[in-house]
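Observations on chain architecture
So the chains spell out like this:
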Amino acid sequence: MATALPPPALLWDVFCQVIDNHGDLGVCWRLSAQLAARGHRVRLWVDDARALAWMAPGAVEGRWPGIQVLPWTEPFHAGMPSDRLNRLPRADVWIEAFGCEIAPEFIATHGHLTLGDSQNDSRTPVWINLEYLSAESWVERCHGLPSPVLHGPAQGMTRHFFYPGFTERTGGLLREPDLPARQAAFDRSVWLAGLGIAPPGQRLVSLFCYEPPALRPWLGQLAADAEPTRLLVTHGRATQAVKALFQATNGTFQASDGHEQLSFSYLPALTQNDYDHLLWACDLNFVRGEDSLVRALWAGRPFVWHIYPQDDGAHHAKLDAFLDWLDAPASLRRFHHAWNGLTDPAGARWPAAKELDGWGACARAARERLLAQDDLATQLLGFVAKKR
C-alpha cells in the first residue's frame, strides 16, 4: 500500500497590530512558532515588535527557524526598500489577526498577481480573519463563514472568519504538542529557586492583571489572613497597580497585630515558556486578556480571569458565557464578578480550602475537555487544506 505523502509546507503571512502587546502579539507569536515547528514558513508582520525581546528572545534577529519578523509600517512599504515588497514571494495563507485589516498596498501587490513562485502557482492566498476568543453561543454559528470582498484591491477574493473557542464547533485553542510532557517534567522548586523564592509555609499566587477595583481590598484581606501569602507580580501594569497601592498605604499591608502576612516578589519580564512555569508553580493564578487565560486553562490550576474591559459593557456577557462553559462553582463565579467590577469589590475574598479545591477540580475538568479537541493550529491547517 502506498504511503500517503505529507501535506506540503506552506508560506504564511501573519499580520498583527499591537493593542495589548502581551495578548495580541503573544497569540500571533505562539501561532507562528507552532506553524514553524510543523515545517511551515511564517512571515510575522507587526507594527510594534518590542515585546518579542522578552517574550521570545532572538525572534526579531531571525534566530527562530522558519519565522521572519517584518515591520508593518504606514505606508506598508516604508519599512523596506521600495522594490522589496514586489519581490517577496507570495504567501499561501494570510492570517489577519483580530480584524487588523491588511494594508491595501500589500493586497494589491500580493493578492491576485502571479509572481512566478512555482510553489504558489496562480492561486490566491487563503485569507483568514483570526477573531477574538469568546465562549458566547454566536461564535459557533459564525465560525468558518466566508465574506466575499466586493470592492477595492481585494475585489473577488474571499475572507474567512475563524473563531478560536472552547467547543468542538469552534476553531479550538493554541496548544503545543509537547505541552503535557513539558508540564509533567516541570520541577517547581528548582524553577522558583532560580527566582530566589523558597515557598515552604506560604501559598503562592501569580498576579497578571489590569487595575481591578478589587485589588486593594483583596490585598488587605490577604494581609489580615492567618495563612501567609507570597504574591508573584508580573512586570508592567500589574506591578504598577500594586506599587501604586503601596504608596497610598504608606508601603505596607499588615495584619491587625502588626505581623506581615503578605509578601511580594516583583518578577522580571518572562518568556512565554517561563510564564507557563509561573502558572504551574502557583496555588492560584490571576490572568488577564486572552493568551494568559488559555495558558491558565492548560495549567489546570485554580485561576481568576480579568477580562479586557469594554466601554459598552459587552465584556460582562462575554465573562458570564465563559463561566457558564467552565461550569464555575458559585464561589468562583462570585469572585470573578467582584474582580471584574460587576459586583462589590469587597466580594473578592480568599476561598475556603474546600472552595479552592473545587476551583482546581473545575480547571482540571475544563482542561480534559479541551485536550479531547483538536488545537487551533491543527484546525487552521485542516481549514486551509480544504480551501486551497
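Since we're looking at a predicted model, the values are computed, not measured.

1. As for the packing of helix H10 (residues 272–281) against helix H11 (residues 291–299)
It is at 9 Å that the axes of H10 and H11 come closest, and there the two elements cross at 50°. With respect to each other, H10 and H11 are oriented oblique. Note that H10 runs across H11; the crossing there is right-handed. Taken together, the residues of H11 that come into contact with H10 (itself represented by Gln272, Tyr275, Asp276, Leu279 and Trp280) are Asp291, Ser292, Arg295, Ala296 and Ala299.

2. Focus on the pattern of salt bridges
Overall, the coordinates contain 17 salt bridges when judged by the stated rule. For glutamate 176, the salt bridge goes to arginine 30, with nearest N and O atoms at 3.8 Å. One end of the pair, glutamate 176, is in the loop between strand S7 (158–162) and helix H6 (179–184); the other, arginine 30, is in helix H1 (residues 24–37), with 146 residues separating them in the sequence. Across the pair, exposure class does not vary: glutamate 176 and arginine 30 are buried alike.

3. Brief notes about the pairing of strand S11 (residues 284–288)
When you tally the buried positions in S11, you get 5 out of 5 residues, the bulk of the element. Because side chains alternate across S11, one face comprises the buried residues Leu284, Phe286 and Arg288, and the other comprises Asn285 and Val287, equally buried. Pairing of S11 with strand S12 (residues 303–306) involves 4 bridges; the strand directions are parallel. Considered in S12, the bridge of asparagine 285 is made with phenylalanine 303. Once the chain exits S11 it traverses H11 before rejoining the sheet at S12, and the crossover so formed is right-handed.

4. A short note on empty space enclosed by the protein
Enumeration over the complete set of coordinates arrives at 1 cavity of 30 Å³ or more. Put simply, the largest cavity is a space of about 140 Å³. Of all the elements in the fold, those that place two or more residues in the lining of the largest cavity are H1 and H11. The element that contributes the greatest number of residues to the lining of the largest cavity is H11, accounting for 3 residues. Its residues placed into classes, the lining of the largest cavity shows 9 nonpolar, 1 polar and 5 charged.

5. Thoughts on the confidence of the model for the chain
When pLDDT drops low, the exact placement of atoms in the prediction is not to be read closely. Here the chain shows a mean pLDDT of 90. Residues at 70 or above account for 90%. Taken element by element, the predicted model of the chain shows its lowest mean pLDDT in helix H3 (residues 84–87) (79) and its highest in H10 (98). Across residues 113–120, where pLDDT falls below 50, the model places 19 contacts with residues more than four positions away in sequence or in other chains. Taken together, the stretch residues 255–259 has pLDDT below 50 and engages in 4 contacts with residues farther than four places along the chain or on a different chain.

Thresholds applied
- Residues numbered from 1 in each chain as written.
- Predicted model: local features only at pLDDT ≥ 70, side-chain atom pairs only at ≥ 80, totals over all residues.
- Heavy atoms only, no water.
- Axes fitted to C-alpha atoms, helices over the stretch in contact; angles between N-to-C directions.
- Helix = DSSP H or I, 4+ residues; strand = E, 2+ residues; numbered from the N terminus.
- Parallel < 35°, antiparallel > 145°, perpendicular 65-115°, else oblique.
- Left-handed = near helix turned anticlockwise from the far one by under 90°.
- Contact = heavy atoms within 4.5 Å.
- Salt bridge = Lys/Arg side-chain N within 4 Å of Asp/Glu carboxyl O.
- Buried < 20%, exposed > 50% of the residue type's maximum accessible area, 1.4 Å probe, protein only.
- Pairing = 2+ DSSP bridges.
- Right-handed = clockwise from strand over helix to strand, strands pointing away.
- 1 Å grid on protein atoms, 1.4 Å probe; cavity = no way out; pocket = protein on both sides within 12 Å on 5 of 7 lines; lining within 4 Å.
- Points joined across faces, edges and corners; volume = space filled by probe spheres on them.
- Nonpolar A, V, L, I, M, F, W, Y, C, P; charged D, E, K, R; others polar.
- pLDDT = per-residue confidence, 0-100.

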